[in-house]
Amino acid sequence: MQSHIDDFESANTDVIAICVDSIEQNAQVAEQHGLDFPILSDPELTAIDAFGLRHVGGGFGKDIARPAVFVIDKNRRILWRRLTDNWRVRVRPEELLEQLGSG
Amino acid sequence: MIWLGPLVAVCGLVSYFTVIPLYPDLRDRALLNLLLVCLGVGLSIRGAARAFSSMSLRRTKMLGALGAVFSMGCAGLLFSYVFFISSDIPEPQANTLAMEVIPQITLTDQAGNEVSLHKRDGRSLVLTFYRGHW
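Residues numbered from 1 in each chain as written. Chains lettered and ligands numbered in written order. Predicted model: local features only at pLDDT ≥ 70, side-chain atom pairs only at ≥ 80, totals over all residues. Heavy atoms only, no water.

On to helix 3 (residues 31–53) of chain B. The terminal C-alpha atoms of helix 3 of chain B lie 33 Å apart, and with 23 residues this matches the ideal 33 Å at 1.5 Å per residue to within 8%. Asn33, Leu34, Val37, Gly40, Val41, Ser44, Gly47, Ala48 and Ala51 of chain B are the residues of helix 3 of chain B that are buried. (Helix = DSSP H or I, 4+ residues; strand = E, 2+ residues; numbered from the N terminus. Expected span 1.5 Å × (residues − 1). Buried < 20%, exposed > 50% of the residue type's maximum accessible area, 1.4 Å probe, protein only.)

Structure below.
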């Protein structure tokens, strides 16, 4: 996502990531990988449950989020979603930009 | 060269998690790394077979055998990860697939700022959930 952050900005689009990690862990990850977009900490799985994405015991016994990507318009409507069946295979930024262009 | 097979195998395994993530096509298919670990196993078995068939020292034979086992372990790990472990994800829930509008949720980002998903201010959003690093 970071490599295409300017393209997302040109498309008037925010990029936000969510995971169960702590704020401090997310800060480390952001610094390590040079990430400019917000990484939200959800240790209570509030957002993860609201979206129905809890993976029980998925993190060595710890409940975490199953991978998922949503494209959302300015009115909070979900235009597109991808719930992968394999966490190695990630959504390409180009695909998301295409969805934003057609949305 | 009984060390060559294990070296190739461990390179195939380790590079998948360190270097290959930089190349999405290679990461998604994993074919290159799967081939590398298989090559490593093949070279290890050949190296071990040569050690046992020649007048090699007992130590050389043992190293050859250990190298072959090590290479097979690397291959097993990578194959397991690619074909089984990484697809160990729960099925999508019906409400996730049917959701039309995102809920009103506020969480804290890495800089300590509160971020509300539902406050769009005229902007679209790409929202990604990932497993994290725990």
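Residue and element names in this part refer to chain A. Inspection of the secondary structure puts Gln2 in the segment before helix 1 (5–10). Separated by 91 residues in sequence, Gln2 and Pro93 place their C-alpha atoms 9.0 Å apart. Once residues lying within four places of it in the same chain are set aside, the contact partners of Gln2 are Gly34, Leu35, Asp36 and Phe37. Among the polar contacts listed, one links the side chain of Gln2 to the backbone nitrogen of Asp36, at a separation of 2.7 Å. (Contact = heavy atoms within 4.5 Å. Polar contact = N/O pair within 3.5 Å; in protein donor to acceptor, adjacent residues only side chain to side chain.)

This part covers the nonpolar core. In this structure, Ile18, Phe51 and Phe70 of chain A together with Leu117, Leu127 and Phe129 of chain B are the most contacted members of the largest nonpolar core, which totals 25 residues. Those elements giving two or more residues to this core turn out to be strand 1 (13–19), helix 3 (46–50), strand 4 (62–65) and strand 5 (68–72) of chain A together with strand 3 (124–129) of chain B. If near-sequence neighbours (up to four positions away) are discounted, Ile18 of chain A is found in contact with Leu40, Asp42, Ala47 and Ile48 of chain A together with Leu107, Leu117, Leu127, Thr128, Phe129 and Tyr130 of chain B. (Core = buried A, V, L, I, M, F, W, Y, C linked by side-chain atoms within 4.5 Å.)

It is worth spelling out the packing of helix 1 (residues 4–18) of chain B against helix 3 of chain B at this point. All names here are of chain B. Two elements in contact, helix 1 and helix 3, have axes whose closest approach is 7 Å; the angle formed by their N-to-C orientations is 165 degrees. Considering the angle they form, helix 1 stands roughly antiparallel to helix 3. Both helix 1 and helix 3 take part in a crossing whose hand is left-handed. Where helix 1 approaches helix 3, its residues Leu4, Gly5, Pro6, Val8, Ala9, Gly12, Leu13, Ser15 and Tyr16 are matched on the opposing element by Asn33, Leu36, Val37, Leu39, Gly40, Leu43 and Ser44. (Axes fitted to C-alpha atoms, helices over the stretch in contact; angles between N-to-C directions. Parallel < 35°, antiparallel > 145°, perpendicular 65-115°, else oblique. Left-handed = near helix turned anticlockwise from the far one by under 90°.)

Keep in mind these numbers describe shape, not what the thing actually does.
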